[in-house]
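Residues per chain are reported as follows:
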Amino acid sequence: MCEDVSILAIESSCDETAAAVVKNGREVKSNIIFSQIELHKLYGGVVPEIASRKHIEKINQVIEQALGEAHMTLREVTAIAVTYGPGLVGPLLVGVSAAKALSFATGLPLIGVHHIEGHISANYIENRDLEPPFVCLVVSGGHTHLVVVWDYGEYEIIGRTRDDAAGEAFDKVARAIGLGYPGGPKIDRLSREGDPEAIRFPRAKVEGAAYDFSFSGLKSSVLNYLNSCEMKGEGVNRADVAASFQKAVIDVLTEHALGAVRDYGLAKFAIAGGVASNSALRRAFAEECAKRGIAFYHPSPLLCTDNAAMIGAAAYYEYKKGALSGMELNAVPNLRLGER
Ligand code: KG4
Ligand code: ZN
């Protein structure tokens, strides 16, 4: 019989200090997330230096809590995993240093994990039947990637954003209509009261690249709309703006992503990343996939936004392959998917 593999995973690439224990890649024994959102709200976005300092303050605490809730000691853990990129260098360094220190002190193997690989792997946790190959749309604050997952840890990026990430567009539009940070969940909520057909914002296509995305034109179009209302002295219905903007993003994402699923002849599709927790987006993909006979997978909202359980899930498959890291592991802020 195979021995169980329990991984203590650490995530600190942006503004969440997180630690989790995951058994055999799919069973979450604990998932502790300390969100710094309240701290950064004041500034309208993540302040890297403040994030790093808070990570230092919280990292040992979340690790101890993760082990405690899993009813495990470090001795019972099989390996230590940590996000080493992409992300903010200071915040990444805090997690990487903590993981290296633990690995050095205990002799446990160390596994460096790609943050986006973690987001994709969040799908394995609640969907025990999900196995590659499948197409995954990764939509977060920093990334918008369309990826074919050919096998565990084997990725082909077939589409990406040419400018803003989807989450970034949500955050910028939210700021423009006075909703504050973080914008995504606020637009999601306000959109429920608005008409998604009220304003026709553009759906951008990238010439010659059917799976690529561009959101900067959409963002500008929303800003122009707000400006022109102000110039004319007309009031703005913020809920209609939010719903119409959100619909434009979702239309583009569904069309490009499900076009790829069709073209690649794969019958499985998954979403990942913070924007994947958007309620209208989840509904749209569920409906479209059902119509087209595609099996649709999505993590629960808590596993869409940054967490360490997803890092533990990804690390399991790296561990199985023997892809371990050494003490030279360092933070790589612009690490590319598929690169080690
Ligand atoms: O994956 P994530 O937690 O961090 C990154 O790796 O970037 O994603 C954060 C992004 C933010 O831009 C946030 O506004 C967006 O995800 N987001 C949402 C929702 N929840 C978070 N966007 C739309 N609707 C949501 N419900
Ligand atoms: Zn993320």
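As the structure is a computational prediction, the values presented were derived from the model and not from experiment. (Residues numbered from 1 in each chain as written. Chains lettered and ligands numbered in written order. Predicted model: local features only at pLDDT ≥ 70, side-chain atom pairs only at ≥ 80, totals over all residues. Heavy atoms only, no water.)

## What to know about the coordination of the zinc ion (ligand 2)
The coordination sphere of the zinc ion (ligand 2), as far as protein atoms go, consists of His115 (NE2), His119 (NE2) and Asp306 (OD), spread over 2.0 to 2.1 Å. For the zinc ion (ligand 2), the 4 donor atoms in the first shell make angles of 95 to 137° at the metal, a pattern classed as irregular. Donor residues binding the zinc ion (ligand 2) come from one chain and are separated in sequence as H-x3-H-x186-D. Here His115 and its partner His119 are both found in helix H4 (residues 115–126), 4 residues apart, which amounts to about one turn of the helix. A single burial state applies to His115 and to His119, both of which are buried. (Donors = N, O, S within 2.8 Å, 3.2 Å for Na, K, Ca; no water. Tetrahedral: all angles 85-135°; square planar, octahedral: opposite > 155°, others 65-115°. Helix = DSSP H or I, 4+ residues; strand = E, 2+ residues; numbered from the N terminus. Buried < 20%, exposed > 50% of the residue type's maximum accessible area, 1.4 Å probe, protein only.)

## Looking at the domain arrangement of the chain
Domain boundaries assigned for the chain yield domain 1 (6–120 + 304–321) and domain 2 (132–299). The gap between the C-alpha centroids of domain 1 and domain 2 is 27 Å. Across the boundary between the two partners, domain 1 contributes 18 residues, which contact 20 residues of domain 2. Ranking the residues of domain 1 by area buried against domain 2 places Ile116, Ile120 and Cys304 at the top, with a combined share of 40%. Between domain 1 and domain 2 we count 0 salt bridges in total. Our count for the domain 1 to domain 2 interface comes out at 5 residue pairs in polar contact (both at pLDDT 80 or more). For the side of domain 1 that touches domain 2, the secondary structure elements donating two or more residues are helix H1 (37–41), H4 and helix H11 (309–321). No other element matches the 4 residues that H4 contributes to the side of domain 1 that touches domain 2. (Domains from an automatic or database assignment. Contact = heavy atoms within 4.5 Å. Buried area = accessible area lost by both parts, 1.4 Å probe. Salt bridge = Lys/Arg side-chain N within 4 Å of Asp/Glu carboxyl O. Polar contact = N/O pair within 3.5 Å; in protein donor to acceptor, adjacent residues only side chain to side chain.)

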